[in-house]
Structure formats: structure tokens, C-alpha cells
Amino acid sequence: MMHSPLTPMPGIGDTILIVGHGSREDSGNQEIRDFTGQWRAQRPDWRIELCFIEFAPPEMNAALLNAARTSRRVLVVPLILNAAGHVKMEIPEAVEGARAACPQTEILLAPHLTACDPILAILKRRLRKAMNALDMPDPTTTGVVVLGRGSSDRGANGEMAKMTRWLQEEGDHELVDLAFTGITWPRLEKVVQRQVLLGMRQVVVLPYYLYTGTLMQRIHRQVEHLRSQYPQVRFFCGTHFGFEKEVFALMDERVENLRAGVADSRLPCDGCSYREIAHDLGHGHSHAHTHDHGPAHAHEHAHEHPHPHEHPHEHGHDHAHAHGHDHEHHHGHDHHDHDHAHPATEQPA
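A brief look at the structure comes next. (Residues numbered from 1 in each chain as written. Predicted model: local features only at pLDDT ≥ 70, side-chain atom pairs only at ≥ 80, totals over all residues. Heavy atoms only, no water.)

### Some remarks on the sheet that holds strand β4 (residues 106-109)
Read from one edge of the open sheet, four strands run β2-β1-β3-β4, paired in parallel fashion. Unpaired on one side and paired on the other, β2 (48-52) and β4 mark the two borders of the sheet. Between one strand axis and the next, the sheet turns by 25° as a mean value, whatever way the strands run. In the sheet, strand β1 (residues 14-20) pairs with β2 via five bridges, with the strands oriented parallel. (Pairing = 2+ DSSP bridges. Helix = DSSP H or I, 4+ residues; strand = E, 2+ residues; numbered from the N terminus. Axes fitted to C-alpha atoms, helices over the stretch in contact; angles between N-to-C directions.)

Structure representation (C-alpha cells):
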């Protein structure tokens, strides 16, 4: 029996769609594919699919449309640590496009992983491992640097600042600082310089990354350079989070909360008129314009709505200028392999 492409296939209820960023370095994409395989093994009764925002197939817009056309409900779960332009703008735009193309299918969007206690638990465990590997496990003479991606989105940078502060409050280290690989400041080299001037004899660098990629490779090169620059200081460089149990548990929680309709289980920006204003100003866009919307999605009221409702979440992006374009582009230069002197933006490798 043939089925219309817009009619859900019989027997298929929910599709859980993981959204990864995607990397120029395919080893990072492969780790996300491996994560998907492990999650499927843990949840054999769930239909779990994977897509990427850029750099790797399957592409997000096409995958969303396919899931919407073959499911009664799609649960979109970003496998992304911080909410910058991709999470706040591009993923919701793709969801809106799929909703317009497949109105018979319910599509729900979960928040990103966020700054939370499970992620803090990973950082604390990594720090304990680092201290056990050092010659002098003394927190008073060991500086800690939480090192993450830079963004022009203040909300994304603020989440990292929050995690850095939490890590300091949960331990005995006097110096727990935040640094970024690009776009914003401070950078790793400057933070290490300050810590050495303040008498730190050891420095632990904790990358705040889910998976490997060009930026993780660059971090290890930077730490090697720092070792030669400060031979009197012992360095320990951690690794990306990868397949930690807390990440799987957070993804489980996102799905269960969406299914149960738990309050605040959906991405706070989902449906926000500020995104519509940004779209009308020409800032909202997608990397691959495969929305297949049919009729254009209505935005006629976006400029008229004064947005009077309580809006506690941090958009990060300036709504007068809307979207911070936190992503890589193929413009003949690589946002990740050099530092910018101007406030462009950067996203996951």
C-alpha cells in the first residue's frame, strides 16, 4: 500500500531527532554518530535519528522534514552545550519550517544541554582526575582554566561563566578562571600568564567541549606551546566530554520531559516573537535552505507585538541586531584555526 509523503507511516509514533552541530573534522562527527549508536542501544524501544546543522549529513532541515512526514510526533533534542545562534535561531527556524510543511505532525523542541549540575559533575570528575595525575596535588598552587568556545552571544558565554563559578565553589582551588578559544576574551594564553604571575605552579586546562574537532586539536597544540613557554609550570590538559553518563542521562531527561509535558521542558525561545522580528530583519537563516515550506510562514504581526509577557530567559543576541551568526562559513577562511581581532562569532568544531 502506498502512503502519501505527508502522511505518517502506520506504527511509527515518536521520532527523537538528535541535532549535532557538525564539524569540518569528521572524527568529531563520527563521535556523535557513535553516541547515537550507544543511545539507541540503551533505548532500543525508541526511534532515534541524527542530523547535523552543517558540515555533515544528514542535514537538519531535510532530516526534520523526513521525520515529520513519517512520524506522529517529532522530539527535537539538540546535542549542544551552549545556546548561541544555532540553538536560538537556526534550529527553531528549521522546526517552524517543518511544522508548516507537516501540520499534521506535532514537533517539540527541547532545550540544549545547558549549564547544570550534571555537566558540573563531569567537570568535577575531570578536575579530580587531573589533580591525581599531577606531582603536587595542592589546590592552592594549582590554577584551573575552564576553556570553551567563544561566541558573540553573551548568554552562551554567561553559561560558561556560571559553570566556572560553580566549579570554584565546589572545590578548594583559589583560582578557577574562564577562557575562550576565540571570538571573545580572555584567551587561554592570557589567563595562564596571570595565573603564573599569581604563583601557580601547576595549571589544569579543562576543555568545555562535547566532542573532538578542529578546536580540540588546537587546544592541545596551545598547551604544548605553554609547556615550552613556562617550563617551571606543570600543565595538565583534559579531554572533551564525549560519552559521559551524564550526557546520556540529560538526553533521556529531555525526551521524557517533552513527552510528559513538563513545564519548561521546551526551548524557552521556541515561538518567541523576537525571532520573528529577527527573521524579518534578514538575520534569521539556515545553512541549507531545504525547508520545503509550501506557503510562507506568517510573520505579519511580528513588528506589531510589543512582547509584554514575562521573558526570563537570556536571549543573548541583541534583538535590535538579532542574530549573532555563531557558526562557521566557507568564506575561504577558517573561523576556528586562528584568532580574530574583530567580534565575529564561533561555534562548535
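### Description of the pattern of salt bridges
Per the stated rule, a full pass over the model turns up 14 salt bridges. Here Arg254 and Glu253 are joined by a salt bridge, their closest N and O atoms 3.3 Å apart. Given a relative accessible area of 9%, Arg254 falls into the buried group. Judged by relative accessible area, Glu253 falls into the partly exposed class, the value being 39%. Counted as one network, the salt bridges with shared partners bring together Arg125, Arg126, Glu244 and Glu246. (Salt bridge = Lys/Arg side-chain N within 4 Å of Asp/Glu carboxyl O. Buried < 20%, exposed > 50% of the residue type's maximum accessible area, 1.4 Å probe, protein only.)

### Let's talk about the packing of aromatic side chains
Counting across every chain of the model gives six aromatic pairs. A centroid spacing of 5.8 Å and a plane angle of 85° characterise the contact between Trp39 and Trp46, whose relative ring orientation is edge-to-face. Ring centres of Tyr208 and Phe241 lie 5.6 Å apart, and the angle between their planes is 80°; on these two criteria the pair is classed as edge-to-face. Highlighted residues: Tyr208 in the loop between β7 (202-207) and α7 (214-229) and Phe241 in the loop between β8 (234-237) and α8 (245-260), separated in sequence by 33 residues. Residue classification places Tyr208 among the buried positions, given a relative accessible area of 1%. Accessibility expressed as a relative area gives 3% for Phe241, which makes it buried. Among the aromatic residues, those joined into a ring-pair cluster are Phe35, Trp39, Trp46, Tyr211, Phe243 and Phe248. (Phe/Tyr/Trp six-rings, centres within 6.5 Å; stacked < 30°, edge-to-face > 60°.)

### Description of the pairing of strand β6 (residues 176-180)
Counting buried residues in β6 gives four out of five residues, a clear majority hidden from the surface. Where strand β5 (residues 142-148) meets β6, five bridges bridge the pair, whose relative direction is parallel. Counterpart to Val146 in the pairing with β6 is Leu178. A crossover links β5 with its parallel partner β6, the connecting element being helix α5 (residues 154-169), and its sense is right-handed. (Right-handed = clockwise from strand over helix to strand, strands pointing away.)

### A word on the packing of helix α6 (residues 188-197) against α7
It is the contact of α6 with α7, at a shortest axis distance of 11 Å, that shows an interaxial angle of 35°. Crossing handedness for the pair α6 and α7: right-handed. Mapping the contact onto sequence places Leu188, Glu189 and Val192 in α6 and Gln222, Val223 and Leu226 in α7. Of the residues belonging to the contact of α6 with α7, the class tally is four nonpolar, one polar and one charged. (Left-handed = near helix turned anticlockwise from the far one by under 90°. Contact = heavy atoms within 4.5 Å. Nonpolar A, V, L, I, M, F, W, Y, C, P; charged D, E, K, R; others polar.)

### Details of the environment of Leu175
Structurally, Leu175 is set in the loop between α5 and β6. Between the alpha carbons of Leu175 and Thr142 there is a distance of 7.5 Å; along the sequence they are 33 residues apart.

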